Every structure is written in C-alpha cells, then in structure tokens.
Amino acid sequence: MSKIEPFKEKIFVTRPVLPALEEVTEKLREIWESKWLTNGGKQHFALEDELKEFLKVPYLSVFNNGTIALMVAVQSLRLQGDVITTPFTFAATPHVLSWNNINPIFCDIDEETMNIDADKIESMITPRTSAILAVHVFGTPCNVKKIQQVADTYGLKVVYDAAHAFGVEIDGQGIGTFGDISMFSFHATKLYHTLEGGALVFADKNLKQRIDLLRNFGIKNEEEVVMPGINGKLDEVRAAVGRIMLKYVESEQAKRLALHKVYDEELGNVEGITLMPKCGDNVKRNYQYYVIRIDEKVFGKSRDYVYDELKKYNVYTRKYFHPLCSDYTCYRQLNSSRQDNLPVATNIGKQVLSLPMYGELTADDVRKICAMIRSIDR
Ligand code: T4K
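Chemist: Give a description of the pattern of salt bridges that names residues and reports values.
Modeler: According to the stated counting rule, one finds 25 salt bridges in the structure shown. Asp-212 serves as the salt-bridge partner of Arg-215, at 3.3 Å between the closest nitrogen and oxygen. In this pair, Arg-215 and Asp-212 both sit in helix H7 (residues 205–215), three residues apart, roughly one turn of the helix. Here Arg-215 matches Asp-212 in class, with each residue buried.

Structure below.
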C-alpha cells in the first residue's frame, strides 16, 4: 500500500489563469455604456494593437477561436490539393484542411522535438502539394529554417499552427514571424487566453484586407459582399478580457518556469522517463505545458498504466496527443496514415503524457505528483 495520500481536490492538467473579477466588471461597465458589443469595436482594435506589440509581429487579426482563424488562413492563401502536416497535434489542425476540401498528408515527426520532421517533408511532396502546415507542438519551435528552405525550393506556402506557442521567440524574433501565416489559440486552457479566441499573424500587408474580409462574411460595405467569408469575429467582452490578460502572462510564465524546474529535478533521474524537450539558449520558451515520455520497456509500466494510477491519487493528466490524427476514423484510410510511414509518431503517441502545469500549483504539489510517479510499483 502506498503511503502517499491522494490530493483532496482533483488536480487537472491545467486550470485557466483568471484575472481579478473587479478588473473584468470595470471593463464590462465600459462596454455596457458604449452599447457596442461586437463587429469590430474599441476593445477589438485596442487588443489587436497590443497583441501586435507583445508578439513582435507586423500584422495581426483576432478571431473568435483558433480553429476558425486557421480555416481562414488556409482560405486566404488559396491553398488546395494536398497539404503536408503532422499527425501529432490536436484534431483542429487536420480538420481545417478537410473543411477546406484539402487532403492532409501526414509526415512523421522528429524524435526530439515531436514536431514535423523537416528532413522528411521533401520526400512527401507531389505536384498536388500546395503547402506545409506545421505545429510548434507544446511551444517547442519547429525547424523553421529547414521548412522554409524546402518550401522555397518547391514553391509551397508555410502555415504554422502556433496554438501552443504564445510569446515564444527565436533569437529575439517572435515565433509568429516565420512562414506565411501563424495561428495562435486563445482558448481558456492556454497560457494567454480570451476565454475562447485566437489570432492570425503575418508579414504580408496585402493579406490583412483579405483575412479581415474572410473573418466578416466577405462584407466589404453595405453594397458589396466580395467573397464567401465566415463569422470569425471576436466580441468586445472577450477582447476586453484579452487586454486584461496580457498583464498576467509574464507572472504566469515565471510561476510555470519554476514548476518546470521542479519536474526536471524530481523526474530527471527516473529511468525510462524522458523530460520535456529542451531548446537552445536562443529560444525564449513559454512553459505552457509539461510533457514527459514513458518508455514502458525501461520504466517497467506503460504510459496508460501511469495515467490510470495517477487518477487514483486524484491527478488527471492528459495523453496529448493520443490518438494520433492519422488514427482517427476519418483519416486512417489515407495512404500517409500507414504506421510504417509514421514510426516515430506511432511510438511517441504511446509514450507521451501531459502533467499538470498551471501557476496555481505549488512546488510541493509537483513534488508530490512526481513522488506518485516514482512510487509506481514496477
Ligand atoms: N491547434 C492546436 C495544436 C491546438 O492544441 C488547439 C487547441 C487548436 C489548434 C484549436 O484552437 P481553439 O479553436 O481551441 O482555439 C483543450 C482545448 O479545448 C483546446 O483548445 C486545446 N487545443 C487542447 C490541446 O486542449 P481538451 O479537449 O483537452 O479540453 P478539456 O475541456 O478537456 O480541458 C482540459 C482541462 O483543462 C480539463 O481537464 C480541466 C481544465 N479546464 C478546461 C476548461 C475548458 C478548466 O479548468 N477550465 C475550463 O474552462 O482540449
């Protein structure tokens, strides 16, 4: 019998960062008085300006969620045919391709970063390929240089799903400045959020008008609708929450960095556990997630076993990203979904486990979670 007591309350993989309620009610009063609730109001434009500065990007459009934003990104670049992407991501990534009548082509991932393996992309390109849709998974940057090199050689567009990468920088450059367009998610579970929300960032000035039209049904003015757009607008209340939340990012990041260090210390010497991938000194991380890999052959027990054991202690981890997107019923018939095409992703999908990571956790909570893992009978 284990001596470690379960947590009294459920410990989830994450909890949203919440601003002081008074700050929100103050903003709500302002919005109520203005009687302007959505369709591009004061809060919306102010948030776009503030985010542009924070993310160090030239152009930015906010959206009602990251998925719609990514759908608009794909539309705005007029992508078609096939797009090469990763199977190790959230459902939204390949689904936006399907919603645009594009076939996702799954490329294997890199053993270290768990991002699309830039060295394997070239072998998957065909005359039908129009773009690469890569994901900075868990905020670890993709091999942006190599991806751009391949894209330039074959005349492909590059879209980054940067849903996890808010505030990440490479050599002082915002992560959103790479590729043609990047998408950030501002979902409640993200380090920075607007309850639900998202943004597209890009360097091409000409894309701004097209993206904003697509976000608002393609309505140019009262007389003209110029393209089949969608409703991707962020309302004033959530835009206001987003403005408040910007003040909380740095302190939340600092708390998470401290917790990352505790996980590293407490699990660093456990055989069969690989820690969250490290980045070079030139990368500014955001510490949003803490993800480990459990090698059953060495650790003695499987990832699924650890997941179930932790639940008994009231710790609710998540298997991000299992199942792989290539194993979904809607994608598993694709030729690129074959396991022999995706050996690294298949292996990592069985090993990966996202551990609780949010600023309200204490270092002692994390030590206790690690002790629970170490104490597993193996
Ligand atoms: N691309 C990538 C790579 C993504 O990861 C995502 C979203 C997207 C695109 C799409 O962006 P959005 O359209 O969502 O903006 C969660 C999030 O809902 C999802 O946004 C996120 N990725 C994904 C990685 O995680 P679930 O299905 O795991 O959420 P859920 O409801 O199980 O929440 C996880 C835990 O968070 C809960 O166990 C408890 C806690 N929680 C959650 C919510 C919603 C709270 O404490 N409070 C809350 O309000 O997908």
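Having put the structure on the table, let's press on.
Chemist: Can you break down the site of the ligand residue by residue, with the values?
Modeler: Near the ligand you find 25 residues, and of these Thr-67, Asp-161, His-164, Arg-318 and Tyr-320 are the closest. A distance of 2.8 Å is found between an oxygen atom of the ligand and a side-chain nitrogen or oxygen belonging to Arg-15. Thr-67 places a polar side-chain atom, nitrogen or oxygen, 2.6 Å from an oxygen atom of the ligand. Here the ligand has 920 Å² of accessible area as a free molecule, and 77% of this is covered by the chains. Of all the secondary structure elements, the ones that give two or more residues to the shell around the ligand are helix H3 (66–76), helix H4 (92–99) and strand S9 (181–185). Residue classes in the shell around the ligand are distributed as 10 nonpolar, 11 polar and four charged.

Chemist: Could you give me a rundown of the sheet that holds strand S14 (residues 283–284), with the residues and numbers involved?
Modeler: Across the sheet, which stays open at both edges, the three strands sit in the order S8-S7-S14 with antiparallel pairing between neighbours. One side of each edge strand has no neighbouring strand; the edge strands of this open sheet are strand S8 (173–174) and S14. With two bridges connecting them, strand S7 (residues 169–170) and S8 associate as antiparallel partners. Across the sheet, residue Glu-169 finds its bridge partner in S8, namely Gly-174.

Chemist: Describe in detail H7, supporting the description with residues and values.
Modeler: For H7, the buried fraction is high: eight of the 11 residues fall into the buried class. If you check which residues of H7 are buried, you get Leu-207, Lys-208, Arg-210, Ile-211, Asp-212, Leu-213, Leu-214 and Arg-215. Structurally, H7 contributes buried residues whose contacts are with helix H2 (42–55), strand S2 (59–63), H3, S9, strand S10 (198–202) and strand S11 (219–221). Where H7 starts, the residue carrying a side-chain oxygen 2.9 Å from the main-chain nitrogen of Asn-206 turns out to be Asp-204.

Chemist: Lay out the side chain of His-44 with the relevant residues and their values.
Modeler: In this fold, His-44 is placed in helix H2. Beyond its immediate stretch of four places on either side in the chain, His-44 contacts Val-62, Arg-215, Leu-234, Glu-236 and Ala-239.

Chemist: Would you mind going over the state of the cysteines in detail, with residue names and values included?
Modeler: One pass over the structure, following the stated rule, counts zero disulfides. The structure places no disulfide on Cys-142, whose sulfur is separated from the nearest cysteine sulfur, that of Cys-107, by 11 Å. Free of any disulfide, Cys-279 has its nearest cysteine sulfur in Cys-142, 11 Å distant.

Chemist: For the nonpolar core, give the residues involved together with the corresponding values.
Modeler: Core analysis: the largest hydrophobic core is formed by 49 residues, its most contacted members being Phe-88, Met-114, Phe-138, Tyr-263, Leu-267 and Ile-373. With five residues, helix H13 (residues 363–374) is the single largest residue contributor to this core. Mapped onto the domain boundaries, this core takes at least three residues apiece from domain 1 (21–107 + 114–247) and domain 2 (248–374). By size, the runner-up hydrophobic cluster in this structure holds 47 residues, among which are Ala-134, Phe-184, Leu-191 and Met-245.

Chemist: Quick one: what's the story with the domain arrangement of the protein, residue by residue and with numbers?
Modeler: Partitioning the protein into domains gives domain 1 (21–107 + 114–247) and domain 2 (248–374). Here the C-alpha centroids of domain 1 and domain 2 sit 25 Å apart. Contacts between domain 1 and domain 2 engage 38 residues on the former and 35 residues on the latter. When domain 1 packs against domain 2, close to 3100 Å² is buried across both sides, 65% of that on carbon and sulfur atoms. Looking at the side of domain 1 facing domain 2, the largest losses of area belong to Phe-106, Phe-138 and Leu-191, adding up to 25% of the total buried there. Our count for the domain 1 to domain 2 interface comes out at one salt bridge. The shortest N-O distance in the salt bridge between Lys-284 and Glu-169 comes to 3.8 Å. One can count 17 residue pairs in polar contact (both at pLDDT 80 or more) joining domain 1 with domain 2. Counting only elements with at least two residues in the side of domain 1 that touches domain 2, the list comes to H4, strand S4 (103–106), S7 and helix H8 (236–245).

Chemist: Residues and numbers for the sheet that holds S2, please.
Modeler: Read from one edge to the other, the open sheet built from seven strands follows the order S2-S10-S9-S6-S5-S3-S4, with strand pairing classed as mixed. A single partner strand is all that each edge strand has here, and the edge strands are S2 and S4. Between one strand axis and the next, the sheet turns by 25 degrees as a mean value, whatever way the strands run. Across four bridges, strand S3 (residues 82–85) lies against S4 in parallel orientation. What sits directly across from Val-83, in S4, is Pro-104. The strands touched by helix H6 (residues 144–154) within the sheet are strand S5 (129–135) and strand S6 (157–161), with S6 carrying the most contacts at an inclination of about 150 degrees.

Cut-offs applied
- Residues numbered from 1 in each chain as written.
- Predicted model: local features only at pLDDT ≥ 70, side-chain atom pairs only at ≥ 80, totals over all residues.
- Heavy atoms only, no water.
- Salt bridge = Lys/Arg side-chain N within 4 Å of Asp/Glu carboxyl O.
- Helix = DSSP H or I, 4+ residues; strand = E, 2+ residues; numbered from the N terminus.
- Buried < 20%, exposed > 50% of the residue type's maximum accessible area, 1.4 Å probe, protein only.
- Near = heavy atom within 4 Å.
- Polar contact = N/O pair within 3.5 Å; in protein donor to acceptor, adjacent residues only side chain to side chain.
- Areas by Shrake-Rupley, 256 points an atom, 1.4 Å probe, with all protein chains shown as cover.
- Nonpolar A, V, L, I, M, F, W, Y, C, P; charged D, E, K, R; others polar.
- Pairing = 2+ DSSP bridges.
- Contact = heavy atoms within 4.5 Å.
- Disulfide = S-S within 2.5 Å.
- Core = buried A, V, L, I, M, F, W, Y, C linked by side-chain atoms within 4.5 Å.
- Domains from an automatic or database assignment.
- Buried area = accessible area lost by both parts, 1.4 Å probe.
- Axes fitted to C-alpha atoms, helices over the stretch in contact; angles between N-to-C directions.

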